[in-house]
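Chain by chain, the residues run as shown.
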Amino acid sequence: MSTRRLKDTGGSDAENACAQSEDALAAHRYRFVARLEAELRRRNEGAVPELVGELAARDAAARISELPELSGRVGDEGILALAATGDTTALRHALSQRFGAVVRYLQRPATGSIITDARFADARVIHLEDGGVRGTFVCELLVCGRSLLPLLPGGLFEAETDENPEIGDIAAVSEALSEIPRDAEHLVSPRADAARLIDRLIDVDAARLAERLESRRLAAALAALGEATLVTGDGGVDFPKPRHFWPLRDDRLLTIDMLEPYERRFDDEVVVVASSGELFRRRFRLDGDEPLFDEACIALNEAPKRLTLVPEGTSTKPQVSIIIPVYGELGYTLTCLDALFAQEAAATVEIIVIDDASPDSTAQFMPTVAGIRFIRQSHNGGFLRTCNAAARQARGEILVFLNNDTRVMPRWLDSLVESFTFFGKAGVVGSKLLYPDGRLQEAGGIVWRNGEAWNYGREDDPNRPQYCHARQVDYVSGASIAIPRKLWNELGGFDEYFAPAYYEDVDLAFRARAAGYEMWYQPASRAIHYEGRTSGTNTSAGAKAYQVANAAKFRLRYRDALLDHRPVGMAPFFERERQVRKRVLVMDATCPTPTTDAGSVYVLATMRLLKEFGYKVYFLPIDNFMFLPDGIVALQKIGIECGYNPYDSRADQYLARYGSLFDLVFVFRFGVLEHVLDAVRRCTPIAPVIVNTVDLHYLRVQRAADISGDPAMQNEAEAMKARELGILAKADCVMTPSSFEVDVLARELPAMPAIAMPLMTEVEGTEVGFAARRDVCFLGGFDHAPNVDAVKYFVAKILPTLKAAEPKLRFVIAGANPTAEVHALASEDVAVTGMVPDLRDVFDTVRVFVSPLRFGAGMKGKILSAMSYGVPVVTTSIGVEGFEAENGTHLLVADEPADFAAATLRIYRSRPLWRDLSRNGMQLVAERYSRTQGKRLLAAAIETAYQRMLGLQISADRQLEAAE
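Conventions adopted
- Residues numbered from 1 in each chain as written.
- Predicted model: local features only at pLDDT ≥ 70, side-chain atom pairs only at ≥ 80, totals over all residues.
- Heavy atoms only, no water.
- Phe/Tyr/Trp six-rings, centres within 6.5 Å; stacked < 30°, edge-to-face > 60°.
- Helix = DSSP H or I, 4+ residues; strand = E, 2+ residues; numbered from the N terminus.
- Buried < 20%, exposed > 50% of the residue type's maximum accessible area, 1.4 Å probe, protein only.
- Lys NZ or Arg CZ within 6 Å of the ring centre and 35° of its normal.
- Patch = residues over 30% accessible without salt bridge, like charges linked within 9 Å, V, L, I, M, F, W, Y side chains within 5 Å.
- Areas by Shrake-Rupley, 256 points an atom, 1.4 Å probe, with all protein chains shown as cover.
- Salt bridge = Lys/Arg side-chain N within 4 Å of Asp/Glu carboxyl O.
- Lys, Arg positive; Asp, Glu negative; His and termini not counted.
- Charge placed at Lys NZ, Arg CZ, Asp CG, Glu CD.
- Expected span 1.5 Å × (residues − 1).
- Contact = heavy atoms within 4.5 Å.

K.L.:
Just checking my understanding: could you explain the packing of aromatic side chains for this structure?
P.N.:
Enumeration over the complete set of coordinates arrives at 33 aromatic pairs. With a centroid separation of 5.7 Å and 45° between ring planes, the pair formed by Phe 401 and Phe 494 is classed as tilted. Of the two residues, Phe 401 is situated in strand 12 (residues 398–402) and Phe 494 in the loop between helix 14 (485–491) and helix 15 (504–514); the sequence distance between them amounts to 93 residues. Taken individually, Phe 401 and Phe 494 each receive the classification buried, so the pair is uniform in this respect. A centroid spacing of 4.8 Å and a plane angle of 45° characterise the contact between Phe 554 and Tyr 558, whose relative ring orientation is tilted. Pair noted here: Phe 554 and Tyr 558 are both in helix 16 (residues 546–558), with a separation of four residues, about one helical turn. We note that Phe 554, like Tyr 558, is buried. Following the ring pairs from residue to residue traces out a cluster consisting of Phe 778, Phe 782, Phe 843, Phe 849 and Tyr 869. When the ring centre of Phe 510 is taken as reference, the NZ or CZ atom of Arg 513 above it lies at 5.2 Å.

K.L.:
So what exactly am I meant to see when it comes to a negative patch on the surface here?
P.N.:
A cluster of acidic side chains, namely Glu 762, Glu 764, Asp 838 and Asp 841, defines a negative patch on the protein surface. Along the chain, the position of Asp 838 falls in the loop between strand 30 (830–834) and helix 27 (840–843). By relative accessible area, Asp 838 is classed as partly exposed at 38%.

K.L.:
It is not clear to me how helix 22 (residues 697–708) should be interpreted in this structure. Could you clarify?
P.N.:
Residues that lie three or four places apart on an α-helix share one face, since the helix turns once every 3.6 residues. Taking 1.5 Å as the rise per residue, helix 22 with twelve residues should run 16 Å; its terminal C-alpha atoms sit 17 Å apart, in good agreement. Here helix 22 has its buried residues at Tyr 698, Leu 699, Arg 700, Val 701, Gln 702, Arg 703, Ala 704 and Ala 705. Contact partners of the buried residues in helix 22: helix 23 (711–728), helix 24 (739–748), helix 25 (785–805) and helix 29 (877–880). Directly beyond the C-terminal end of helix 22, a positive phi value near 75° is found at Gly 709.

K.L.:
Sorry, what's going on with the pattern of salt bridges here?
P.N.:
Oppositely charged side chains can pair when the atoms bearing their charge come close. Per the stated rule, a full pass over the model turns up 53 salt bridges. For Glu 350, the salt bridge identified is with Arg 373, shortest N-O distance 3.1 Å. You can see Glu 350 sitting in strand 10 (residues 348–355) and its partner Arg 373 sitting in strand 11 (residues 373–376), a full 23 residues away along the chain. A salt bridge links Arg 669 to Asp 588; the nearest nitrogen and oxygen atoms lie 2.7 Å apart. Within this pair, whereas Arg 669 is found in the loop between strand 24 (664–668) and helix 21 (670–683), its partner Asp 588 is found in strand 21 (residues 582–588), the two being separated by 81 residues in sequence. By relative accessible area, Arg 669 is classed as partly exposed at 29%. Taken together, the salt bridges that share partners define one network made up of Asp 267, Glu 269, Arg 411, Lys 432 and Arg 526.

Rendered as structure tokens:
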């Protein structure tokens, strides 16, 4: 095997290295990468990003151990070309954790086949007359980079023998067909002709690559403009918006199930929902001259209704009333109901369709649709009065107004309703509105100083981070809004001053804000809006003309309030969220996954506290910028703006573009701080930097080394200590969950203020008593080596003693990502459950929680969780480290196997001891580990960081005293 770095030299070096390669496949790989290098050099006038070429194929599993060394050599603009055989699933997963983009090229030894990008169904294959497929041996080329990559030209090779080469055996692979010289005119055979044709096709691929590289260069030039804010002619400030490929929308051959992880976008579902709406309309000819309204109504009645509908005339009141005002356009009303009936939601619902004396067949067909309350007005009163009339008859606690020319997407209703829980002062919540072709229609509204109202982001890419997080806005369009019925009644509904329509939603927002409420835009609630189906879009005639007149009325009413707004078009980036006064950038290695590990719960709780301090929170996962539909959206729904591909792909570029916005930078883990600190100091010079260690990494490594006795691990721990303390010393304040580690930092870095902010939780409590419980359990994420060691140690050294005393006792191992070693522990006496969605399912059934940790660092969230659910705990000195817990009062501590087993049996057999430890543990959580305590400590850390940055050396202890 050979590994070579391709230097920025002439083509002869590439040819020489090719000649020296150990086998033909390695040479072919080298040629493949050299071709890319040549194209890069040609398009960039001699300058080429550094390429790292891994040229020889070998078993994929063996590649994983080499990744740290290889990936460490790849710069921000570098490319790693890695050839491997066998099952590459684990290798591709490992690569995706280290690189922003991974492109997979599949190579098969089909005689005479040209190999193209295996991701595409229409891959081009040319088959020779004198050959056939020879076996199923597969070799893959995995091309990786820190940012998005252009597609590479294909390569080819053939097998010389009829037998399948063994996986990892390269000796049977011959030289590539592409190595046949172009001038070999004396070779008259189908094989030679095909080789020349293939070479020409590869040249075509190379030319296409050149064009893509040119496009990439232009895109990079545009992005470079974003290193500073753009100032428009009217003095406005905004950030650049280069176009990005949207795979599901722009590639018609793709389906949502075919998308690779880096191809996912926030609004992929709009493509699916728009398509289903189009199919519904075509099926019943709703755009034609003879629509099948009767058949459409029958289909709606026969389709399953996933909403929990409260029947009309019952005493049960629904939680939500969905009000759909209609005036004509029956086909769109039916299209709207088709998607609405398919909506799954937690709340009980009534649907009110109110007809404003439509001139079409609405009154004939709508009464035949089951599941709705149909109300027909005696005369046409206009949109505003129709909505008010429907609201008077609604019974739900929350009123949702939905235009009939909309088609809602999954989770539309839940996301609206949840927002009133997320944002305690929310008065009105509105949806993200999109055109059926995927363009953004509105991401909240902006009202300018002259009273003119804008749909923010209109016709832009809706997937951009700035449109995909909840935020306070001036108003939300009435096409899809939610408001508590109590507030609606207090405000008197839509003001008839703006009858018959337009500006009633803007006026409602301003009146609600004056009453102390907030207006929130919630992008997780999305609807396609077939804009202007009822009133049209011409503001000079018809109902739409009222938009101009009502704009003047609105400005007259709110001219004083509008003095704080900018002139039209100035700085929409800031006007979109005018309530924001301070911003904090939070960075961690990856997106929090609070259902799988305590560290993620801690990170999320910290961001929630920062929001309570009035900061707008931005989050950046520096190790993996992939858009994660679950993790990222969970943050966006609560108002956290996240960076992700393809819009953001590197921390330094993100900081160069947006760094000037931030008043505070909060970093989790020293490795993250090490990666970003230089860019942070360069791009956010006025922002203090707080780092939360989560745990002192070198302590964990040191303790593992002590157990193993390995001198190499001891050396690694010493090097880690110097590295970790060196980078922590450059922050403005250090936080850690463990009071023990604060004492360590006080000794090692006496000049650095350190504050212990423990893990935070609320007391969950329990109603299940001692007698109804059995078994002991452990909870933890098994990507973490100390947890794997703990359960193996318990099963080997402690469980046999427990079983001898209590034969019916079982050991329950719960937690995400159990390894093969953990699964191997499963038996009649040991249950391995994997991740548990609801911890109560475990904690309300077991009698004792055990945490036999032998190494590790930081505060242990698993112990805090068990205490919060009232489960008594037995742990080691390592496990209790950093807790303000007393042995014998809040939990039991034992380090030797026999002592640990004895302590577990004491609790397991004693109802009084179980009751006392359960009660005392919950009390400790309430007094020491609540969010109130965390908020006090975080406030002290922020104050300390500011003072240190400004050269005012005031100790963290004094800040804590002041906070108390």
